Amino acid sequence: MASYALRRLGTVLVILAVMSLLVFLATHALPASTAAMILGQYSTPETLAALEHKLGLDLPLWLQYWNWLRAMLHGDMGQSLVMERPVAPMLWDAFGRSAILALCAMAIVATVGVAMGVVAGVWRGRWPDHAVSIFAYLGIAVPEFYWGLVLILVFCSTFHLLPSSGIGNLSDGVGSYVSYLILPVITLTLTLLAHVSRLTRSSMAEQLDSMYVKVARARGLPEHVVIVRHALPNAMVPTITVLAQDFGFLIGGIVAIETVFAYPGLGRLLIFALQRQDLPLMQAAILTLTAVFCLANLGADLLYGIANPRIRHGGAVE
Amino acid sequence: MRNRMSRVTLTRRKALAVTGGTALVAVLSPARAATDRTIRIAYPAAVATLDPAKFRVGGLEYNYAHCVFNRLTAQDNKLQVVPELATSWEATEDLKVWTFHLRDGVKFHNGKPFTSADVLFTYSRLKDKEVASVLRAALGVVDKIEAIDPLTVRFTLSSPYSDLAAVTAQYQAQILTESAMDTLTTKPVGTGPFRFVEYRPGDQLVVEKNPDYFIPGSPKVDGAIMRIIPEYTTAVAALESGAIDIVYDLPPEQLDILKDSKVSRIEEVASGSWLGVIFNNAFKPFDDPRVREAFTKIIDRQAFTDIAMFGHGSPTVTPIPPAHPFFRADLLAPPDIPGAKKLLAEAGFANGMAIDMYFPNGSPVNERLATAFRDAAKQVGITVSLRMAQEDKFDSEMEGKIAFSVDGFFGRPTPDTMLYAWYHSTGSWNNTLWHYNNPEVDKILDTARATGDKDEQKRLYSRFQEIVAKDGPGCLCFVRNFACGVSKKVQGFVGSPQMWVDINNVTLAA
């Protein structure tokens, strides 16, 4: 297991190194130059050249990359070109706030989503199954920002039950803080719940039809023991992978949700950086998201390895 | 067993959430109404920078700056120049030497007294190439700035300029102090009615009342929280639920929603921000004045205003807005389709033409204006293909390099600042946007900026509008209204044509 974990970790490091190069090149290939963005309507070739020199944007690309990478490895994310303040504190604040959203959403998806899948799998073809299916199709078919707006109109505009936007202050009490999280987390959860519940349903159904379940039933075990002890652990194996993949999905969703709910997280910071062509901020934010995504996948690989010994021993899958 | 358990978890979660939410509403709402006199305003976009010299985005930037800083002069809602940190000023007969007398006893938020040295520091910074302030071009006429004594400053110009006191009222010209430059982008220090508390990027900017402000009794609120809410639907929901007191700059699409609201109202005022159809005179077919005039004759300005702004705007001929005393309403001609056809035939386009029209994305108003033109042009056999471009790419790479587009600009405070850069052959905007060259217009603009005589200026700018209405580099269609959603709790709110939210005289009812 340890060597398997090390191998996976090595892969993640290689991916991150490649990604850093890709992020750097992609952000430099953007149509508008940073200096042009900062000067805007008033730029002249003369002021443009002066500013590019000041920002170090006139150095050869490889040298810019090396300087940037070296600083990043030292934990120095640099200075936002547009806001002229250090990137790191802004980024970590925003990251923390996004992480709260993501973890709450993941916790709900992992519990409620799996439960919904089990219910649908056990009562296949009966009404609980249909209810979960309808919910899942609605969740998948309608984009999350639309659900966000619907929830805002219902819970904020019409019934004034929950705050429509922003983030709460812990000093105002936990209730207040949580009330700001409810709508964004529910919205984030809807699409993923659909995904996870559908998958758990089909693998649950598959397990319930399998030989060992029939044997267990034949031995006269009570149905709940059959489901919880025997079928569920095996049905969970593909779900774990999908949960990790969904984490990537969640990051994409967070960008939209944070905009709809004016939630000051990493997604909003990234959009700001993109709109203003703030290179250091953009690069640091994208790289952070990439790292989170890689680590989530690493976590899934390790969990998967624990759940399924064939994987970590390099055996063929499927 | 397991199923039931998960169902219980689900209900418990929901129950917790709902109790938390309602408890919040029940506990916080009354308390907030009784004690808190902090006004909460929603803006759609974050500030790019807290450094006023580098402003160019507008919106929250300008509004925050008016809270924290002061300029030498300001402009009231009728665009008249009024005193701020300068109590009075005078120019010599030839308009080349301007003397400003500064307010006595003003202190920066860090306790440092305000003197002429701060004015010198601020303006030398604005003129610094490295700072790259957008105001630098307008200050190009300023040769020298000297402090005569701690409360007197003298500007010496290279050529006569009648609008200097309007330039010192520009957003970027907020007076800074050298003693607080190291915290300018994190905790800015000014002399303004509010002190800066904190800025959480992308979230909110908080200011508190400056108890030592030089105008006694102002501001009337204890502070302001300026929240950044990018979605208008969300901001309007927050206004309706009482979490926000003012929503800044609502687009026309959102105004109907608030029309029947019980808790808020719409405050609307005509601004100087204009939109129009841009003909790049350096490109065919717009090098031919007959084509430009024909294209102008197709346009029904009132109909275009109704389509693009849902009527929340006013037709205009040049950047001089309808509310301005120099505006020539008689030049707003109705469309003339036979006239347009005749001119096109003379220019060799008797059988019509096909042309691409570009516009930046991100603004439904631009989009609707472009569509309106496309449909109107069919009447004279012109086939317009609409091309939407990424906004940043449009601004940085396409503007000036394409023949035909839709675009708009923020209003400027005086006729000279509205027109010179766009219509003078040496103007910075003229040379990036549409390459217009009319010697008579050049002469008018040069003469008008060098005279202090209002009647003479009125005569000159009137003639200018006549020329441009017929032979213009583009066809301006309208100036848009500036609309805010305002809670009924807010009293004393007056919309400003300069698109800022003046909270100095606003009070909050319980």
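The residue numbering used here restarts from 1 in each chain and proceeds along that chain's sequence as written. Lettering for chains starts from A, numbering for ligands starts from 1, and both go in the order in which the items are written. Confidence filtering applies because this is a predicted model: local features only for residues at pLDDT of at least 70, side-chain atom pairs given and counted only at 80 or more, and all residues used for totals across whole chains, interfaces and linings. Heavy atoms from the whole structure form the basis of all side-chain values; hydrogens and water molecules are not counted.

Trainee: Can you walk me through the overall build of chain A in this structure?
Mentor: Helix and strand assignments come from DSSP, with helices taken as H or I runs of at least 4 residues and strands as E runs of at least 2, each series counted from the N terminus. The number of helices and strands found in chain A is 13 helices and zero strands. From first element to last, N terminus to C terminus, chain A shows the α and β order α-α-α-α-α-α-α-α-α-α-α-α-α. The principal-axis extent of the C-alpha atoms belonging to chain A is close to 85 × 55 × 35 Å. Working definition: with a 1.4 Å probe on protein chains only, accessible area under 20% of the residue-type maximum means buried, over 50% means exposed, and in between means partly exposed. Expressed as a percentage of the 318 residues in chain A, the buried residues total 49%. Throughout, a residue-residue contact means that at least one pair of heavy atoms, one from each residue, lies within 4.5 Å. At a minimum sequence separation of 6, the contacts of chain A that also span at least 24 residues come to 72%.

Trainee: Please clarify how the domain arrangement of chain B should be interpreted in this entry.
Mentor: Size of an interface: often given as the accessible area lost when the parts come together. Residues and elements named next belong to chain B. These domain boundaries are the output of an automatic or database domain assignment. Parsing chain B into structural domains produces domain 1 (2-67 + 181-270 + 482-508), domain 2 (73-179) and domain 3 (272-481). Taking only C-alpha atoms into account, the centre of domain 2 sits 33 Å from that of domain 3. Every contact between the two is made by 10 residues of domain 2 and, on the other side, 10 residues of domain 3. Of the roughly 870 Å² buried where domain 2 meets domain 3, counting both sides, 55% is carbon and sulfur surface. When the buried surface of domain 2 facing domain 3 is broken down by residue, Tyr-161, Ser-162 and Asp-163 rank first, second and third, together holding 40% of it. For this analysis, a salt bridge means a side-chain nitrogen from Lys or Arg found within 4 Å of a carboxyl oxygen belonging to Asp or Glu. Viewed at the interface, domain 3 and domain 2 are joined by zero salt bridges. Note on residue classes: Ala, Val, Leu, Ile, Met, Phe, Trp, Tyr, Cys and Pro are nonpolar, Asp, Glu, Lys and Arg are charged, and everything else, Gly too, is polar. A per-class count over the side of domain 2 that touches domain 3 returns six nonpolar, three polar and one charged. Buried area, as used here, totals the accessible surface that two parts lose on assembly, with accessibility defined by a 1.4 Å probe and the loss added over both.

Trainee: Would you mind going over the environment of Ile-175 of chain B with me for this structure?
Mentor: All names here are of chain B. Counting through the fold element by element, Ile-175 comes out in the loop between α4 (164-167) and β8 (194-200). Through-space distance from the C-alpha of Ile-175 to that of Pro-413 is 19 Å; in sequence the pair is 238 residues apart. Among all residues touching Ile-175, those that are not within four sequence positions of it are Phe-69, Asn-70, Arg-71, Leu-72, Leu-85, Phe-108, Phe-114, Asp-118, Val-119, Thr-122 and Tyr-123.

Trainee: Can you walk me through the packing of helix α12 (residues 415-423) of chain B against helix α15 (residues 454-470) of chain B in this structure?
Mentor: Describing two packed helices takes the angle between their axes plus the distance from one axis to the other. Residues and elements named next belong to chain B. What counts as an axis is a line fitted to C-alpha atoms, over the stretch in contact for a helix, and the angles between N-to-C directions run from 0 to 180 degrees. It is the contact of α12 with α15, at a shortest axis distance of 13 Å, that shows an interaxial angle of 40 degrees. By the angle class used here, α12 and α15 are oblique. Considering how the two elements wind past one another, α12 and α15 form a crossing that is left-handed. The residues of α15 that touch α12, namely those facing Pro-415, Asp-416, Leu-419 and Tyr-423, are Tyr-461, Phe-464 and Val-468. Taken together, the residues that form the contact of α12 with α15 break down as six nonpolar, no polar and one charged. Convention used here: angles under 35 degrees read as roughly parallel, angles over 145 as roughly antiparallel, angles from 65 to 115 as roughly perpendicular, and any remaining angle as oblique. Handedness of a helix crossing follows the sense of rotation of the near helix relative to the far helix, less than a right angle counterclockwise being left-handed and clockwise being right-handed.

Trainee: Help me out: how do you make sense of the pattern of salt bridges in this one?
Mentor: Two side chains carrying opposite charge are able to pair once their charged atoms lie near each other. All names here are of chain B. Scanning the entire structure with this criterion turns up 36 salt bridges over all chains. Linking Asp-245 and Arg-40 is a salt bridge whose minimum nitrogen-to-oxygen distance equals 3.2 Å. Taken together, the residues Asp-245 in the loop between α5 (232-241) and β11 (246-247) and Arg-40 in strand β1 (residues 38-43) connect sequence positions 205 residues apart. An identical accessibility class is assigned to Asp-245 and Arg-40; each is buried.

Trainee: Explanation requested: the sheet that holds strand β6 (residues 142-149) of chain B in the structure shown.
Mentor: Residues and elements named next belong to chain B. Pairing between strands requires that DSSP locate at least two bridges from one strand to the other. The sheet built from four strands is open, its strands ordered β4-β5-β7-β6 with antiparallel pairing. If you trace the sheet from one side to the other, it starts and ends with β4 (86-91) and β6, each paired once. On average, each strand axis in the sheet is tilted by 20 degrees relative to the strand beside it, whichever way the strands run. Sheet topology note: the β6/strand β7 (residues 152-157) ladder contains six bridges and is antiparallel. Residue Ile-145 lies in a different strand from β7, and its bridge partner there is Phe-155. Most of the contacts of helix α3 (residues 116-126) go to β6, to which it runs at about 165 degrees, and overall it touches β5 (97-102), β6 and β7.

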